[in-house]
Amino acid sequence: MTVSANSVELEIGGMTCASCANRIEKTLNKLDGVTATVNYATEKAKVELPEGFDPTVLIAQVEDIGYTAALPKPVTPDVPSTGAGTGEAGSGTGSDDPELRSLRTRLLIGTILTVPVVAMAMIPALQFTYWQWASLALAAPVVVWGAWPFHRAAWLNLRHGAATMDTLISMGTLAAFGWSLYALFLGTAGMPGMRHAFSFALEPGTGAGNIYLEVGAGVTVFILAGRYFEKRSKRRAGAALRALLELGAKDVAVLRPSTGSGTEEVRIPIGQLAAGDEFVVRPGEKIATDGVVVMGSSAVDASMLTGESVPVEVGPGDAVAGATVNAGGRLVVRATRVGSDTQLAQMAKLVEDAQTGKAEVQRLADRISGVFVPIVIAIAVIALGAWLGAGLPATAAFTAAVAVLVIACPCALGLATPTALLVGTGRGAQMGILIKGPEVLESTRRVDTIVLDKTGTVTSGRMTLVDVIAEEGTDPAELLRLAGALEHASEHPIAQAIARAALAPSGSSSEDTAGDPAPSGSLSEDTAGDPAPSGSLSEDAAGDRDETRSLPPVESFQNIEGRGVQGVVEGHAVLVGREALLADWALHLSPEVAAAKAEAEAGGKTVVAVGWDGSVRGLLVIADTVKPSSAEAVAELKRLGLTPILLTGDTEAVARRIAAEVGIDEVFAEVLPQDKVDVVARLQADGRVVAMVGDGVNDAPALATADLGMAMGTGTDVAIEASDITLVRGDLRTAADAIRLSRRTLGTIKANLFWAFAYNVAAIPIAALGLLNPMLAGAAMAFSSVFVVGNSLRLRRFR
């Protein structure tokens, strides 16, 4: 909800850096009884209020210090409301966002006007008779209107006694523009035929014949470009919540009394569903909302919410959650919770709370500017005083002082972060790594712990036949063939895993689909064709019903709810299911096979018994298998100095088995989504800087809470939107690559910022001595910009 009895959420506008968020937070926290948290990335303030406190006081307080604040607009009626405060208002990603649209307009118009200004200033052949006045006409809108967001932010910072990158940009561009106006109207720069000659000599001058319009316009466009792309990526913060809304069913088949006797199905929008309504869920459909099964039995895939890879068997009286998938039979469910009370809505609230509470790293450029700007101003004042004190003309003194301010505005500063980010993210995209923004890179600096979700991240996330255990005298291949034929007629996920293995070609290798998000069971490389009774099986790509093996037809098929299936295959009366199903027919496992079953179940695997013609024939073992690359990925993460932790909603036995296979020592098992957030927060409270890798909706809150969230690209949209980095291929090894690439890119940004300032710092004494000329200033800026771009391009060689 936007407003509760003692809390309110505000949308904040006008922030340009993390220090703005800190300033608003301090202002709100000065109010009696108010506790506020302001997030720069999501542009929201979450405020706890005393009873009876008027929220408009908060809005007035924020506006008083120069920013805007508003209560979020309500969710539109045609979108199912989770009540979790979707925060969609003002968080669009496209043309519906006025701030982003304004930045794009300023950037496009500024670029069109600036290109000829820079060209005329740097190429003497283009300097026609009145070129300087044409430059003024083109540059003035860029410096005044295009750079207005920077001037406004600089004024706000000045009011609060702070200096950021905006202060430096505003100060430098206005100094360059102001001095150019002086030179044009009061000096000699406005004379017909004025030229910027190629001269790199250090010689004193009044500056009255020099203009710096290309500096003001060029810096403005460079910074606008970086700010636009940053804002565009930042606007995706609300997309995780929109993706969560889209997960639920859009409509539902509700049972209503018919005109005659009994009931009829009426399909209605999900927003009209009320607690107490009974609705129908067919195989393959999403369950519309949280409820209790009234009629029918089925297997429900709840991995989205719980992380458990094995489908949950449900029957009358069992609770089911909205947005989970009915994998088996027809169900009739009575709705118990709708709208904001559902598990899905509560998960959306967890994601939002995590994003709002996530601390923002203060941008490196802002930290440098906070020190650099006061020093530059001090040098300019000292230069002015020294020249006047030496009895030199006031024009020469002011020329030296303004020249210091002009040269202090580094063009390369606008290129330092965007170019490195552009090249780094481009290289990442080639490697299947999508990085959302510069603040993500700063989060990778100190990461020392990486939390890995199990299902779909470390494992394939799909049930696979891993072992065939035959009774003495039974051929394992025959056991799988007959059981697979019978299970092929069933819709149950475990049955489908057996059927895929039975259909898979002989000798298929698990290597075929490393990292495949939807593998199928087949003989693994080391046991392909092995006649041994216990043939280990693993994942392969042959399972999409490309029937390279044919299965015999089934007669008299019958599904026994919650127990298994039976039917006639090639004249054999075959039973496949729980051990209790076979016991009903007086069929019992031998001691050796019973021991193998107990051992498999102790390892968290699912075991299915098979029998025919009055005898038990063996067992089929099904499990969520580890991806072939996961162990290598964990080893690589350890080499990067990270401590891996396995986090899962699955059972302790399954979690320990998977952790042992890949080399992870620390395990958190049987963890619900809200508890995943708690685990990450607890690690952070212990002083660890946490990265999280996951793929499911149940991982989204933890991904948003972690210092660095990484989502598998084969996972859900919600996880991808809530994360900072997306690993497109679904291969865990790319997590290590992402950490290395992020650190390398951040190192490049730091080097770029150093050189962006270094060239200007070196030129400041020259300006203070009055020896600066326009070509020298232009050369210093051009050289630093070229260096920054060249340094960034080195990232293309990252391996």
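Conventions adopted
- All chains use their own residue numbering, which begins from 1 and follows the written sequence.
- Totals for whole chains, interfaces and linings use all residues, but because this is a predicted model, local features are given only for residues with pLDDT of at least 70 and pairs of side-chain atoms are given and counted only at 80 or more.
- Working from all heavy atoms in the structure, the side-chain values ignore hydrogens and water.
- Helix and strand labels come from DSSP, where a helix needs a run of H or I of at least four residues and a strand needs a run of E of at least two; each type is numbered from the N terminus.
- Exposure classes here rest on a 1.4 Å probe applied to the protein chains alone. A residue is buried below 20% of its type maximum, exposed above 50%, and partly exposed in between.
- Only the protein chains shown count as cover for residues, and all accessible areas are computed by the Shrake-Rupley method using a 1.4 Å probe.
- Patches were defined on residues exceeding 30% relative accessible area and lacking a salt bridge, with like-charge contacts within 9 Å and nonpolar side-chain contacts (Val, Leu, Ile, Met, Phe, Trp, Tyr) within 5 Å.
- Salt-bridge detection follows one rule: a side-chain nitrogen of Lys or Arg within 4 Å of a carboxyl oxygen of Asp or Glu.
- Here the rule is simple: two strands pair whenever DSSP picks up at least two bridges between them.
- UniProt positions are given in the numbering used here, feature names are shortened, and annotations may be inferred rather than shown by experiment.
- Any Phe, Tyr or Trp ring, taking Trp's six-membered ring, that has another such ring centre within 6.5 Å forms a pair; planes under 30 degrees apart are called stacked, those over 60 apart edge-to-face, and the others tilted.
- The charge count includes Lys and Arg as positive and Asp and Glu as negative, but it does not include His or the ends of the chains.
- By convention, charge coordinates are those of NZ in Lys, CZ in Arg, CG in Asp, or CD in Glu.
- All axes are obtained by fitting lines to C-alpha atoms, using only the stretch in contact for helices, and the reported angles, taken between N-to-C directions, cover 0 to 180 degrees.
- In what follows, residue pairs with any heavy atoms lying within 4.5 Å of each other are defined as contacts.
- Any angle that is under 35 degrees is reported as roughly parallel, and any over 145 degrees as roughly antiparallel; angles of 65 to 115 degrees are reported as roughly perpendicular and all others as oblique.
- Each helix crossing is assigned a hand: it is left-handed if the near helix lies turned anticlockwise from the far helix by less than a right angle, otherwise right-handed if that turn is clockwise.
- Under the grouping applied here, Gly and all other residues not named as nonpolar or charged are polar, the nonpolar ones being Ala, Val, Leu, Ile, Met, Phe, Trp, Tyr, Cys and Pro and the charged ones Asp, Glu, Lys and Arg.
- Among buried residues, those of type Ala, Val, Leu, Ile, Met, Phe, Trp, Tyr and Cys that are joined through side-chain atoms within 4.5 Å constitute a nonpolar core.
- One confidence number per residue, pLDDT, is output by the predictor and ranges from 0 to 100.
- Whether a crossover is right-handed depends on one test, that the path from the first strand over the helix to the second runs clockwise when the strands point away from the viewer.

### Considerations on the overall build of the chain
Within the chain one finds 26 helices and 28 strands. Looking at the 799 residues of the chain, the share that counts as buried comes to 56%. Summed over its atoms, the accessible surface of the chain is roughly 31,700 Å², and 58% of this surface lies on carbon and sulfur atoms.

### Re a nonpolar patch on the surface
On the surface, Val118, Met122, Ile123 and Leu126 cluster together into a nonpolar patch covering about 280 Å² of accessible area. Looking at the secondary structure, you find valine 118 in helix H3 (residues 98-122).

### Points about the sheet that holds strand E9 (residues 298-301)
Spatial ordering of the open sheet is given by E10-E9-E12, a layout of 3 strands whose pairing is antiparallel. Sheet topology places strand E10 (312-314) and strand E12 (325-326) at the edges, where each strand pairs with a single neighbour.

### A word on the UniProt feature "transmembrane region" (unreviewed entry) in the chain
Here the UniProt-annotated "transmembrane region" (unreviewed entry) positions come out as residues 107-124, 130-148, 168-191, 211-229, 368-390, 396-423, 751-769 and 775-793. A distance of 28 Å separates the end C-alpha atoms of residues 751-769, which is 95% helix and 0% strand.

### Focus on the pairing of strand E22 (residues 606-612)
A large share of E22 lies buried, amounting to 7 of its 7 residues. Burial of E22 is two-sided: the residues Thr606, Val608, Val610 and Trp612 facing one way and the residues Val607, Ala609 and Gly611 facing the other way are all buried. Inspection of the sheet shows strand E21 (residues 572-577) paired to E22 by 4 bridges, in the antiparallel sense. Across the sheet, the residue bridging to glycine 577 is alanine 609, located in E22.

### Digging into the packing of aromatic side chains
Tallied over the full model, the rule gives 2 aromatic pairs. When the ring of tryptophan 133 is compared with that of phenylalanine 185, the centres are 5.3 Å apart and the planes differ by 75 degrees; the resulting orientation is edge-to-face. One end of the pair, tryptophan 133, is in helix H4 (residues 131-146); the other, phenylalanine 185, is in helix H6 (residues 165-185), with 52 residues separating them in the sequence. For phenylalanine 185, a relative accessible area of 54% puts it in the exposed group. Seen from their ring centres, tryptophan 179 and tyrosine 182 are 4.7 Å apart, and the 40 degrees between their planes marks the pair as tilted.

### So, unusual backbone geometry
At serine 556, a position not held by glycine, the phi torsion is positive, near 55 degrees. Structurally, serine 556 can be placed in strand E19 (residues 554-560). Phi at glutamate 670 is positive, roughly 55 degrees, even though this residue is not glycine. Tracing the chain through its elements places glutamate 670 in the loop between strand E25 (666-668) and helix H22 (673-685).

### Quick look at a positive patch on the surface
On the surface, Arg367, Arg445, Arg446 and Lys750 cluster together into a positively charged patch. Relative to the assigned elements, lysine 750 resides in helix H25 (residues 733-768). By relative accessible area, lysine 750 is classed as partly exposed at 38%.

### Here's the deal with the environment of glutamate 592
Here glutamate 592 lies in helix H19 (residues 591-602). For glutamate 592, a relative accessible area of 60% gives the class exposed. Remark: the alpha-carbon pair of glutamate 592 and glutamate 472, spanning 120 residues in sequence, is separated by 9.6 Å.

### Things to note about the sheet that holds strand E4 (residues 68-70)
Strand order in this open sheet of 4 strands is E2-E3-E1-E4, and the pairing throughout is antiparallel. Only two strands of the sheet have a single partner each, and these edge strands are strand E2 (35-39) and E4. Shown here is a sheet whose adjacent strand axes are inclined to one another by a mean of 25 degrees, direction ignored.

### A few points about helix H17 (residues 493-503)
Here H17 lies mainly inside the structure; 10 of its 11 residues are buried. Those residues of H17 lying buried are Ile494, Ala495, Gln496, Ala497, Ile498, Ala499, Arg500, Ala501, Ala502 and Leu503.

### Overview of helix H21 (residues 652-662)
For H21, every residue scored as buried is listed here: Val654, Ala655, Arg657, Ile658, Ala659 and Val662. The inward-facing, buried residues of H21 contact helix H15 (454-458), strand E16 (459-470), strand E23 (615-626), helix H20 (630-639), strand E24 (643-647) and E25. In the segment just after H21, glycine 663 is the residue with positive phi, at about 90 degrees.

### Side note on the packing of helix H12 (residues 394-408) against H25
Helix-helix packing: each pair is described by the crossing angle between the helix axes and the interaxial distance. Interhelical geometry of H12 versus H25 gives an angle of 170 degrees and a closest axis separation of 8 Å. When the axes of H12 and H25 are compared, the pair comes out roughly antiparallel. Here H12 and H25 pass one another in a crossing that is right-handed. The segment H12 lies against H25, with Ala400, Ala403, Val404, Ile407 and Ala408 engaging Asn760, Ala763, Ile764, Ala767 and Ala768. Within the contact of H12 with H25, the residues separate by chemical class into 9 nonpolar, 1 polar and no charged.

### Description of the pattern of salt bridges
When the charged atoms of two side chains with opposite charge come close together, those side chains can pair. Applying the stated criterion across every chain, the model contains 24 salt bridges. Notably, a salt bridge pairs arginine 267 with glutamate 285, separated by 4.0 Å at the nearest N-O pair. One end of the pair, arginine 267, is in strand E6 (residues 263-269); the other, glutamate 285, is in the loop between strand E7 (278-281) and strand E8 (290-295), with 18 residues separating them in the sequence. The partly exposed category is assigned to arginine 267, whose relative accessible area is 46%.

### Description of the environment of glycine 604
Structurally, the position occupied by glycine 604 is in the loop between H19 and E22. Each C-alpha atom of the pair glycine 604 and alanine 653 lies 5.0 Å from the other, and the pair is 49 residues apart in sequence. Each residue touching glycine 604, except ones within four places of it in the same chain, is listed here: Ala653, Val654 and Arg657.

### Section: the nonpolar core
Ranked by internal contacts, the top residues of the largest apolar core, which has 52 residues, are Ile211, Leu213, Phe372, Val376, Val404 and Ile764. Within the residue set of this core, elements represented by two or more residues are H3, H4, H6, helix H7 (213-234), helix H11 (364-389), H12 and H25. Broken down by element, the residue count for this core peaks at 10 residues, all from H6. Discounting residues that sit within four places of it in the chain, valine 376 has contacts with Met171, Val404, Leu405, Ala408 and Ile764. Listed in part, the 47 residues of the second largest apolar core include Met431, Leu642, Ala691 and Ile749.

### Some remarks on the packing of H6 against H12
Between H6 and H12, the least distance of the axes is 8 Å, while the angle of their chain directions is 140 degrees. Here H6 is positioned oblique relative to H12, judged by the angle of their axes. Our pair here, H6 against H12, has a crossing hand that is left-handed. Taken together, the residues of H12 that come into contact with H6 (itself represented by Leu168, Met171, Gly172, Ala175, Ala176, Trp179 and Tyr182) are Thr395, Phe398, Thr399, Val402, Leu405, Val406 and Ala408.

### Things to note about the confidence of the model for the chain
Across the chain, the average pLDDT comes to 78, with 80% of residues at 70 or higher. A low-confidence stretch, residues 75-95 stays under pLDDT 50, and its non-local contacts, those more than four residues away or across chains, total 47 contacts. Taken together, the stretch residues 507-547 has pLDDT below 50 and engages in 96 contacts with residues farther than four places along the chain or on a different chain.

### Considering the pairing of strand E26 (residues 690-694)
E26 sits mainly inside the fold: 5 of its 5 residues count as buried. Of the two faces of E26, the one lined by Val690, Met692 and Gly694 and the one lined by Ala691 and Val693 are each fully buried. The pairing of strand E15 (residues 449-453) with E26 spans 4 bridges and is classified as parallel. Looking at the pairing, threonine 449 lines up with valine 690 of E26. Sheet topology note: the E26/strand E27 (residues 708-712) ladder contains 4 bridges and is parallel. If you follow valine 693 over to E27, its bridge partner there is methionine 710. The parallel pair E26 and E27 is bridged by helix H23 (residues 700-705), and the resulting crossover is right-handed.

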